[in-house]
Structure formats: C-alpha cells, structure tokens
Amino acid sequence: MTAPVLVTGATGNVGGAVARSLAAAGTPVRVAGPDLVGLRRRFPGVPAVRLDFAEPGTFDPALADVGALFLLRPPQIARVGPTLNALVDAATRHRVGHVVFASVTGADTNRIVPHHRVETHLRGSGLPYTILRPGFFAQNLADAYRRDIREDDQILLPAGRGRVAFVDTRDLGDVAATVLADPAAHAGTGYTLTGPEALDFDQVAALLTEVLGRPVHYRPATVAGYLTHLRRRGTPLVQALVQTVLHTGLRRGRAERVDPTLAHLLGRPPRTLRQYVWEHRELWR
C-alpha cells in the first residue's frame, strides 16, 4: 500500500498501537484526531491531520488521497449516525480502498452497544472492510481501573465471578497492520480477538498484589453501585452506561472464551496479562 492509512483515535491506546505497528511494518501512516498538537507531539515526523467526529467539515480533508482507514469509536460518542457512520460515507465518496473497524466482542449480535450500528452501516456501505472484535483490553487496568487501583487498592466492577481473556492493544495494532498489509485476504471478515488465558478479577487482583508488592482486592459491585461510582468519578453519562453494560455482560461469560484467531493472525502467542502488568508496573505505584 503506497497511499497512507488514516488512523483515527491515534492519541489513544488502540489507535496509537495501530499507528506504531503500521509504521514499524513500513506502511505509510497519517494520524488523525481533534488535537493536532497532541498528535504531533506523540508522533513526531508522522503526517498528522485534524479530524473531529463532531465537525463533519474535517472529514474530507482528512480522507484526501488515503488508501485505507482505521476506524475507532471514541468512548464518549453514542450517536454514531452523524459521526462514525458519516465518516464511512465520506470514505465511500473518496473511494477509500479498505476500512478496518475496531469493534468489540459480540457487537455483531448485541444491538445495545453503539458498535453494532457502525458494523451494520459499514457492511452496507459497499466499501471493502475488516472488523476486529477484541475483548477487554489489558490496558483497561491503566485507564478505566487505574484510579481505583492506585488510590484505593481495589478493582470495583459489576462483573461478578466473570472471567476475561484480556487482549493487549499492542497485539491489536499488530493485527491491524497484518490485515492492511494484505487487505484483500481479509475483506468482508470479522475476527474475534482475545488474549491467551481467561482470568477472573480475583486472579487479576492477586497478580497486581504480587507485582506491586501491596494488597489489591476485587470488590464486586451492583449495577447501580458501579454506575454511581463512575458518575462520582466524573465519567460522562453515556460512557458510564456503555461501560456498565459491557462489564455486566461479564457475569454471563461474554468475555471468557479464549479464541485462537489472534495467535493465528500474529503467527506468535499473544501477550499475557502478566507481561503487561510487569512491563507497566510503575503506572499503579
């Protein structure tokens, strides 16, 4: 691919991992997001363009002369019609060669999550596409769960005894780079991507306890209690609702299945949660 891949959400964990993996593979990259200064600081020497889902006028300049699009839904966006789906429509007008959409596990059948509507729109767009459906990220420990771990030595979630096959966003970046290196081989497919082992949150807390050298505990929360906790932390309402729905689904085993697809696409074992925690242990100190 000689035309660049436009990577949305490049200042986040997933988009950043994709941009780095593409660059490491020698694929031309154009990073996109609402904060040009932040993009240029994070990716010096990489072409950057302003793209704000709330400003459709930024879509066409960002898509000019790109060969492919990596599409990511920012957590705060629930209305995907005038935002992500509108960008897909713009990509159709620009005859973008391939779209890789970072969805979530189960979004093909779960109509509640916003990703479902993006998947449906993308399939009907006429564009060649690949859908990546990762499970819960190892990086959640450094984002959604970090403050609770650092300040209160706890993981507070409405997950019950559910287990999670955590996937590392760096592996997701490598998979996106693999797909975009040969997009025709992956056109029209949806891949469920998980880590190599499923852990419950007591085991996650025990792992943090071992690596950090201080006790960390898992506290199962009620749905209402967790939603209240998020709102007190300042999480926007829509984001808090989606986050609550996704974590409540863990009680029914929605993220416990270990899928071999990630290892197959990577040609190597995926990173483990232990690897991630050990390599990033300073984040929780």
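### Concerning the side chain of threonine 194
By the secondary structure assignment, threonine 194 is in the loop between β9 (189–193) and β10 (199–200). Looking at threonine 194, its side chain comes within polar contact range of the main-chain nitrogen of aspartate 259, at 2.9 Å. Beyond its immediate stretch of four places on either side in the chain, threonine 194 contacts Ala165, Val167, Arg257, Val258, Asp259, Leu262 and Pro270.

### Considering the domain arrangement of the chain
Along its sequence, the chain is carved into domain 1 (5–134) and domain 2 (138–165 + 196–255 + 268–283). Each of domain 1 and domain 2 was reduced to a C-alpha centroid, and the two centroids are 26 Å apart. Facing 10 residues of domain 1, the contacting portion of domain 2 comprises eight residues. Taken together, the links from domain 1 to domain 2 amount to zero salt bridges. Counting across the interface, domain 1 meets domain 2 through one residue pair in polar contact (both at pLDDT 80 or more).

### Observations concerning the UniProt feature "domain: NmrA-like" (unreviewed entry) in the chain
Within the UniProt annotation, "domain: NmrA-like" (unreviewed entry) is assigned to residues 3–222. Between the C-alpha atoms that bound residues 3–222 the distance is 49 Å, and the span itself is 36% helix and 20% strand.

### Structural notes on the sheet that holds strand β6 (residues 129–134)
Pairing within the open sheet is parallel, and its seven strands lie in the order β3-β2-β1-β4-β5-β6-β9. Each edge of the sheet is formed by a strand with only one pairing partner; in this case those strands are β3 (48–50) and β9. Averaged over all neighbouring strand pairs, the angle between strand axes comes to 20°, with direction disregarded. Running over the sheet, helix α5 (residues 114–123) touches β4 (68–72), β5 (98–102) and β6 and is turned about 160° from β6. The sheet strands contacting helix α7 (residues 169–181) are β1 (5–7), β4, β5, β6 and β9, and the helix crosses β6 at an angle near 165°.

### Some thoughts on the packing of helix α1 (residues 13–24) against α7
For the pair α1 and α7, interaxial distance at closest approach is 7 Å and the crossing angle is 50°. Taken together, α1 and α7 sit at an angle that is classed as oblique. Where α1 crosses over α7, the handedness of that crossing is right-handed. On α7, the residues that touch Asn13, Val14, Ala17, Val18, Ser21 and Leu22 of α1 are Thr169, Arg170, Leu172, Gly173, Asp174, Ala176, Ala177 and Leu180. Grouping the constituent residues of the contact of α1 with α7 by class yields eight nonpolar, four polar and two charged.

### Quick word on the pairing of strand β7 (residues 154–157)
Burial along β7 is two-sided: the residues Gln154 and Leu156 and Ile155 and Leu157 are all buried. As defined by bridge partners, β7 adjoins strand β11 (residues 217–220) across four bridges and the pair is classed as parallel. Within β11, the residue paired with isoleucine 155 across the bridge is tyrosine 218.

### A word on the side chain of arginine 214
Mapping arginine 214 onto the fold places it in the loop between α8 (201–212) and β11. Separated by 3.1 Å, the side chain of arginine 214 and the backbone oxygen of isoleucine 149 make a polar contact. Separated by 2.5 Å, the side chains of arginine 214 and aspartate 153 make a polar contact. Not counting the four nearest positions on each side in its chain, arginine 214 is found in contact with Ile149, Arg150, Asp153, Leu208, Thr209, Trp284 and Arg285.

### Topic: helix α4 (residues 81–93)
Looking at α4, one finds that the buried residues are Thr83, Leu84, Asn85, Leu87, Val88, Ala90 and Ala91. Those residues of α4 that are buried are in contact with α3 (59–63), β4, β5 and α5. Following α4 by one or two positions, arginine 95 has its phi on the positive side, about 55°.

### Some words on the pattern of salt bridges
A full pass over the atoms with the stated rule returns 20 salt bridges. A salt bridge links arginine 161 to aspartate 202, with the shortest nitrogen-to-oxygen separation between them at 2.2 Å. Within this pair, whereas arginine 161 is found in the loop between β7 and β8 (163–164), its partner aspartate 202 is found in helix α8, the two being separated by 41 residues in sequence. Of the charged contacts, one joins arginine 170 and aspartate 168 as a salt bridge, the two residues approaching to 2.8 Å between their closest N and O atoms. Using a relative accessible area of 24% as the deciding quantity, one classes arginine 170 as partly exposed. Each of Arg147, Asp148, Glu151, Asp152 and Arg233 takes part in a single network of salt bridges with overlapping partners.

Cut-off values and rules
- Each chain carries its own residue numbering, running from 1 in the direction its sequence is written.
- Only residues with pLDDT of at least 70 are given local features in this predicted model, and only at 80 or more are side-chain atom pairs given and counted; all residues enter the totals for whole chains, interfaces and linings.
- Side-chain calculation: all heavy atoms of the structure are included, whereas hydrogens and water are not.
- Numbering goes from the N terminus for both helices and strands, where a helix is a DSSP run of H or I of at least four residues and a strand is a run of E of at least two.
- Any N or O atom pair separated by 3.5 Å or less is treated as a polar contact, with the protein-specific requirement of one donor-capable and one acceptor-capable atom, and with residues adjacent in sequence counted only for side-chain atom pairs.
- Two residues qualify as a contact provided that any one of their heavy atoms is within 4.5 Å of a heavy atom in the partner residue.
- A domain assignment, automatic or from a database, supplies the domain bounds used here.
- Put simply, a salt bridge is a Lys or Arg side-chain nitrogen that is within 4 Å of an Asp or Glu carboxyl oxygen.
- UniProt positions are given in the numbering used here, feature names are shortened, and annotations may be inferred rather than shown by experiment.
- Only strands joined by at least two bridges in the DSSP assignment are considered to pair.
- Interaxial angles span 0 to 180 degrees and are taken between N-to-C directions of axes, which are lines fitted to C-alpha atoms, for helices over the stretch in contact.
- Angle categories are assigned with fixed cut-offs, so that under 35 degrees is roughly parallel, over 145 is roughly antiparallel, 65 to 115 is roughly perpendicular, and the rest are oblique.
- Take the far helix as the reference: if the near one is turned anticlockwise from it by less than a right angle, the crossing is left-handed, and if turned clockwise, right-handed.
- Classes in brief: Ala, Val, Leu, Ile, Met, Phe, Trp, Tyr, Cys and Pro nonpolar; Asp, Glu, Lys and Arg charged; the others, Gly included, polar.
- Under the scheme applied here, a residue whose accessible area is under 20% of the maximum for its type counts as buried, over 50% as exposed, and between as partly exposed, the area being computed with a 1.4 Å probe on protein chains only.

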